[in-house]
Amino acid sequence: MWNLIKAEWLKIRRCQILLVGIVALALCPVTQYGSQLIMAPEYQDANYDFVHLFVNVVWGNSQLFLPISLVMIGGWFIDREAAHDTLKNIVSIPVPMSRLLGAKLLVTAMLTLAFGLYSVCVTLLTGTVVGLSGLTLLKMFTCSAQVVAAALTTFLVCMPMILIFGQIRGAYLGGSIFTFFLGYCMLFFKSGVLLSAYPFSAALILVGFDMKQYNGATSPVNVLLSLAGILASVGVTFLLLALSNRQRELKPRKARKTNGQKRGVGRRRAS
């Protein structure tokens, strides 16, 4: 597995689509603070500080930027093998398809962690440049941990979409848009039960995000239901990996005999 992960990391330098995620996550804190500025004065929050910016980044990342970026990048990792005609080289290695796809998911998870840390750095830089207050060492640690944790739980929710749309030739771009739609749908779940069980909102609830403030939930959320929603996404992921292994296994190709070899066999038989 380590060799597969290492090989995937070497391929990242060719992944120009990675820039989409980098730019999107850099824009997140800027757009979140910018939305505060363009509001009418009576709707602006006079107490807007670093904590508010971090919370907005968690919401913006999980609802919009990360679902699009993760499915697009993770799907590209899978789709590129067919698009770049490199799958014929991989099938010569006796590696199950489930292990190959699992390695691609693990690399995407590592990128998700990097994206979370990157979002923290950009948020701190944005807040410092615009002169926000209210940042203490404790708040910086707790807010940063929530940003990174929300990125990882969002990745767990996006894993089935990465596998599904990555294995459909050229569908990862459409899949990223569809995943954004799924993330946006959590705005319409006001019941605490539905909000807790829905995987995209469950990813935020598990990291302690206040859904009532941003979603307008009418009843309290349930952490156990949220955990069940995340586990359901993980279960679907393992099922998809198992099905991919049953349907197609990357086995070594049989060596083809050349005409010269066949003639040599014929001569030996004739002699």
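Predicted model, so just to flag it, every value in this text is computed and none were measured. (Residues numbered from 1 in each chain as written. Predicted model: local features only at pLDDT ≥ 70, side-chain atom pairs only at ≥ 80, totals over all residues. Heavy atoms only, no water.)

Student: Please explain the side chain of Ser69 as it appears in this structure.
Tutor: The topology assignment puts Ser69 in helix α3 (residues 50-83). Not counting chain neighbours up to four residues away, the residues in contact with Ser69 comprise Gly21 and Ala24. (Helix = DSSP H or I, 4+ residues; strand = E, 2+ residues; numbered from the N terminus. Contact = heavy atoms within 4.5 Å.)

Student: I'm lost on the nonpolar core in this one. Help?
Tutor: A general feature of soluble globular proteins is that nonpolar side chains tend to end up buried together. One finds Ile73, Phe77, Leu204, Phe209 and Met211 to be the most contacted residues of the largest nonpolar core, which totals 72 residues. Among the secondary structure elements, those contributing two or more residues to this core are α1 (2-11), α2 (18-38), α3, α5 (97-130), α6 (137-166), α7 (172-184), α9 (199-205) and α11 (223-247). Of all the elements, α3 adds the most residues to this core, at 16 residues. (Core = buried A, V, L, I, M, F, W, Y, C linked by side-chain atoms within 4.5 Å. Buried < 20%, exposed > 50% of the residue type's maximum accessible area, 1.4 Å probe, protein only.)

Student: Explain the packing of aromatic side chains here, please?
Tutor: Within a pair of aromatic rings, the relevant descriptors are the distance that separates the centres and the angle that separates the planes. Summed over the entire model, instances satisfying the criterion amount to seven aromatic pairs. Relative to Tyr184, the ring of Phe180 lies with its centre 6.0 Å away and its plane at 45°, an arrangement referred to as tilted. Taken together, the positions of Phe180 and Tyr184, both in helix α7 and four residues apart, correspond to about one turn of that helix. The class for Tyr184 is partly exposed, based on a relative accessible area of 35%. (Phe/Tyr/Trp six-rings, centres within 6.5 Å; stacked < 30°, edge-to-face > 60°.)

Student: Sorry, what's going on with the confidence of the model for the chain here?
Tutor: Caution applies to low-pLDDT regions: their predicted coordinates should not be interpreted in detail. Mean pLDDT over the chain works out to 81, with 81% of the residues at or above the 70 mark. Per-element mean pLDDT across the chain ranges from 40 in strand β2 (residues 249-250) up to 94 in α6. Segment residues 248-258 is flagged for pLDDT under 50; beyond a separation of four residues in sequence, or across chains, it makes 23 contacts in the model. Scored below 50 in pLDDT, residues 260-271 shows two contacts in the model against residues more than four places distant or in partner chains. (pLDDT = per-residue confidence, 0-100.)

Student: Looking at this structure, how should I read the environment of Gln63?
Tutor: As for its position among the elements, Gln63 is in helix α3. In sequence terms Gln63 and Met186 are 123 residues apart; their C-alpha atoms lie 8.3 Å from each other. In contact with Gln63, other than residues within four places in its own chain, are Phe180, Gly183, Tyr184, Met186 and Leu187.

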